[in-house]
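Now for the letters of each chain:
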Number of protein chains: 2
Amino acid sequence: MIKQRLFTPGPTDVPPEVLNAMAQPMFHHRTQRFRDMFARVGAALQEILMTGNDLLTIAGSGTAGMEAAIACAVPRDKKVLVADGGKFGERWVKVAKRYGLDVDAVKLEWGTGLQADVVADKLAGGDYGAVVTVHSETSTATACDLQAIAKVVAATDAILIADCITSAAALPLRTDEWGVDIVATGSQKALMLPPGLAFLSVSDKAWAAIDTIDAPCLYLDLKAYRKSLAKNDTPYTAPVSLIRGAEVAFDMINAVGIETVWHRTACLAQATRAGCEALGMAVFSSQPSDSVTAIYLPEGVTDKQFRDTLRNRYGCSVAGGQDELKDKVIRVSHMGYVDPIDTLGLIGAIEHTLVACGVTVEIGTGPAAAAKALADWR
Amino acid sequence: MIKQRLFTPGPTDVPPEVLNAMAQPMFHHRTQRFRDMFARVGAALQEILMTGNDLLTIAGSGTAGMEAAIACAVPRDKKVLVADGGKFGERWVKVAKRYGLDVDAVKLEWGTGLQADVVADKLAGGDYGAVVTVHSETSTATACDLQAIAKVVAATDAILIADCITSAAALPLRTDEWGVDIVATGSQKALMLPPGLAFLSVSDKAWAAIDTIDAPCLYLDLKAYRKSLAKNDTPYTAPVSLIRGAEVAFDMINAVGIETVWHRTACLAQATRAGCEALGMAVFSSQPSDSVTAIYLPEGVTDKQFRDTLRNRYGCSVAGGQDELKDKVIRVSHMGYVDPIDTLGLIGAIEHTLVACGVTVEIGTGPAAAAKALADWR
């Protein structure tokens, strides 16, 4: 029996403290006890997201959160700019089109992020109501400069909707300081929870837009969530156990401090890249995200052989590539409940797996390089 | 420290076996292990719902499931009949209107269920694409005769969408034999799970309707769930821990046998009614649901005093009334993980609470009457 560890970019491993909290007896959500807990959870997540904006909680996946934002906050008489640099960018284009919005999809080469000057040019040349971008695009392990993009958008009447599903609590994200109108995230990434919750922070500027729109849906109608939030409540039945887990997870994050968490995540990403490069594996992406790293498989090593060996022999699950990266890369998460020991161990396991796949490497090279990169850990 | 028991009509208490399963380490959802589990869970729920129809699983509350059905399955060129006999009926009218559907809302007196002959008259006199009804209306603790309604609808081109959120695994429900096209249910009622999952069974007749409609949404687009289901998968990240809990809960239900579960639920409902009536408390509703019982508070007893005493002194949480029943009734659930011991104890606690609230009752009257009604338990 070997210990199983998830290095997949969501779901990620959940701390036993959180799992234990979720295993406690149920209680009812229409109670003062729930409202008190819900208020604490919201405040803790505001601290993590560095925002004083309304913080909404939806029972659903991250997709539900992003769809709610796009369906409810994009003015119907204006265009919406959507950055499409990977699978999730593609999805938000699809969502926007599903609601009949006038979508200007900016197709980006995989491994590159949306550039602020492109946004500035677009917004100067047309009547846009919103910009939708993916802060950390998981399919390509690529980040964009959200701060720079926010600066451009904040100077206009448009609102910025950011998919921070794999960036919140992983990459630097100063919601209010940068002026990100809607931050959407999900439970099962750096927030150290099982899947099932989407979170949205919504600025006054975004609410002003939302208030002009008749929501085309009910379950994802943000106005209903705002109304309930005023009473520290949810419009539909809240996933009590997940919110209970969230209380524990968010307290764990805030005890460390969000800026330290960002630093640690970056450390693990650097160690992983250094370790793999020392083993001759190249990193994909021109703007790598510290949430998740994509690494090319060596010539002649199949994805199946590599990932099966890594999982079956060493208990390490990593993700494969998608679409154009399918069978070409593996993707390793650095989010949430993962530490230097795990990361160093993974590099050791990757090294042995390469040998098992017939690649010549000197055992010890990878962990040595990774260990060096971890010197900055604090 | 007194033991806390939920008699609220959702969430209900969750068996420790289920909570324990959910507290096990996370694993990734894009794996064969997940797909195997998901297939087992789907088959187990088909057995519970007595259906061979496609069984879809959505991360969201029961409202998300019903909204998905109404948004995706009601033909746009026809009317939709919606039964409105309580808070949930009201909600489905609202959902249907939100999507711009041509809604014929049948307003029912609270405490009565939709009648099959009303449906027959309506369908004969207009061009209806769908009928939406609530099998067990939780706000009024009232059931309708779903079998009779299904018989009427099945003889027409319309489809039947049933809100079985508090009836599935509680009231007799023979989906295929009766011909219910869409059964929508949720995790946190008789299915003995925390909130967070909506389930839908979808007949071929319903799929034929769905296939003619361009889904106006993405997250709740049933076609995406069908496509993924063919691979025992979900289109968006699945709540792994909840589905893991579902496997244990559904196996517990099927080990008893669904018909026995219905019988047991009815037994508990009868015992509760008998116990309360013996204490001079009248039951609300002309067609009481066995999922949940609404009982009038005695003259002069306030909802707050009664429910606070019941919870603080005896650890029993029951729900209050809503809207026109506010402060007038309490609502007691008989769904899921509740047994004769709990029910008998609750009647005893109600009895003592009445005394604490200044009502004259002979101690022992309630439990004695309830115990008699439990003779049929098996």
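Residues numbered from 1 in each chain as written. Chains lettered and ligands numbered in written order. Predicted model: local features only at pLDDT ≥ 70, side-chain atom pairs only at ≥ 80, totals over all residues. Heavy atoms only, no water.

## Describing the overall build of chain A
Part 1 of the reasoning: Each helix and strand in chain A was counted, giving 14 helices and 14 strands.
Part 2 of the reasoning: The C-alpha radius of gyration computed for chain A amounts to 21 Å, which stays within 12% of the reference 21 Å derived for 378 residues, consistent with globular compactness.
Part 3 of the reasoning: When the backbone C-alpha atoms are referred to their principal axes, chain A occupies close to 65 × 55 × 35 Å.
Part 4 of the reasoning: Considering chain A as a whole, with its 378 residues, one finds that 65% of them fall into the buried category.
Part 5 of the reasoning: At a minimum sequence separation of 6, the contacts of chain A that also span at least 24 residues come to 72%.
Part 6 of the reasoning: Summing over all exposed atoms, chain A offers an accessible surface of approximately 13200 Å²; the carbon and sulfur share of this is 49%.
Part 7 of the reasoning: With 36 positive and 43 negative side-chain charges, chain A shows a separation of 5 Å between the mean positions of the two kinds. (Helix = DSSP H or I, 4+ residues; strand = E, 2+ residues; numbered from the N terminus. Rg over C-alpha atoms; globule rule 2.2 N^0.38 Å. Buried < 20%, exposed > 50% of the residue type's maximum accessible area, 1.4 Å probe, protein only. Contact = heavy atoms within 4.5 Å. Areas by Shrake-Rupley, 256 points an atom, 1.4 Å probe, with all protein chains shown as cover. Lys, Arg positive; Asp, Glu negative; His and termini not counted. Charge placed at Lys NZ, Arg CZ, Asp CG, Glu CD.)

## Topic: the domain arrangement of chain A
Residue and element names in this part refer to chain A.
Part 1 of the reasoning: Domain boundaries assigned for chain A yield domain 1 (5-9 + 258-376) and domain 2 (16-256).
Part 2 of the reasoning: Taking the mean C-alpha position of each, domain 1 and domain 2 sit 28 Å from one another.
Part 3 of the reasoning: Opposite the 27 residues of domain 1 that make contact, domain 2 presents 34 residues.
Part 4 of the reasoning: Contact between domain 1 and domain 2 buries roughly 2500 Å² in total, counting both sides, with carbon and sulfur atoms accounting for 59%.
Part 5 of the reasoning: Counting the surface domain 1 buries against domain 2, the share from its top three residues, I258, W262 and Q287, is 28%.
Part 6 of the reasoning: Between domain 1 and domain 2 we count two salt bridges in total.
Part 7 of the reasoning: For the salt bridge of D323 with K87, the shortest nitrogen-to-oxygen distance reads 3.3 Å. (Domains from an automatic or database assignment. Buried area = accessible area lost by both parts, 1.4 Å probe. Salt bridge = Lys/Arg side-chain N within 4 Å of Asp/Glu carboxyl O.)

## As for the nonpolar core
Part 1 of the reasoning: Ranked by size, the top nonpolar core spans 211 residues in total, and within it A:L200, A:F250, B:L200 and B:F250 carry the most contacts.
Part 2 of the reasoning: For B:F250, the residues in contact, after removing those within four places along its chain, are B:V41, B:A44, B:L45, B:I48, B:L191, B:L193 and B:F199.
Part 3 of the reasoning: Formed by 27 residues, the second largest nonpolar core is a distinct cluster that contains A:L268, A:V301, A:L310 and A:I350. (Core = buried A, V, L, I, M, F, W, Y, C linked by side-chain atoms within 4.5 Å.)

## Details of the sheet that holds strand β10 (residues 197-202) of chain B
Residues and elements named next belong to chain B.
Part 1 of the reasoning: Spatially, β2-β10-β9-β8-β5-β3-β4 is the arrangement adopted by the seven strands of the open sheet, whose pairing is mixed. The sheet is open, and its two borders are formed by β2 (54-59) and β4 (102-107), each paired with just one other strand. Each strand of the sheet is rotated relative to its neighbour by a mean of 20°, with strand direction disregarded.
Part 2 of the reasoning: Where strand β3 (residues 79-84) and β4 come together, six bridges link them in parallel fashion. By the bridge assignment, D84 is partnered in β4 with K107.
Part 3 of the reasoning: Where helix α2 (residues 32-49) meets the sheet, it contacts β2, β9 (182-186) and β10, and its direction lies at approximately 115° from that of β2. (Pairing = 2+ DSSP bridges. Axes fitted to C-alpha atoms, helices over the stretch in contact; angles between N-to-C directions.)

## With respect to the environment of A:G62
Part 1 of the reasoning: Following the sequence through the fold, A:G62 ends up in helix α3 (residues 62-73).
Part 2 of the reasoning: Residues contacting A:G62, with those up to four places away along its chain left out, are A:I165 and A:A198.

## Some remarks on the relation of the copies chain A and chain B
Part 1 of the reasoning: Expressed as a screw transformation, the operator carrying chain A onto chain B has a rotation angle of 180° and an axial translation of 0.0 Å, and the superposed copies differ by an RMSD of 0.0 Å. What we have between these two chains is a two-fold relation. Across chain A, the smallest distance between a C-alpha and the rotation axis is recorded for A:G60, namely 2.4 Å.
Part 2 of the reasoning: By residue overlap, the copies meet face to face through one surface: 100% of the interface positions of chain A are interface positions in chain B. (Least-squares fit on C-alpha atoms with pLDDT ≥ 70 in both.)

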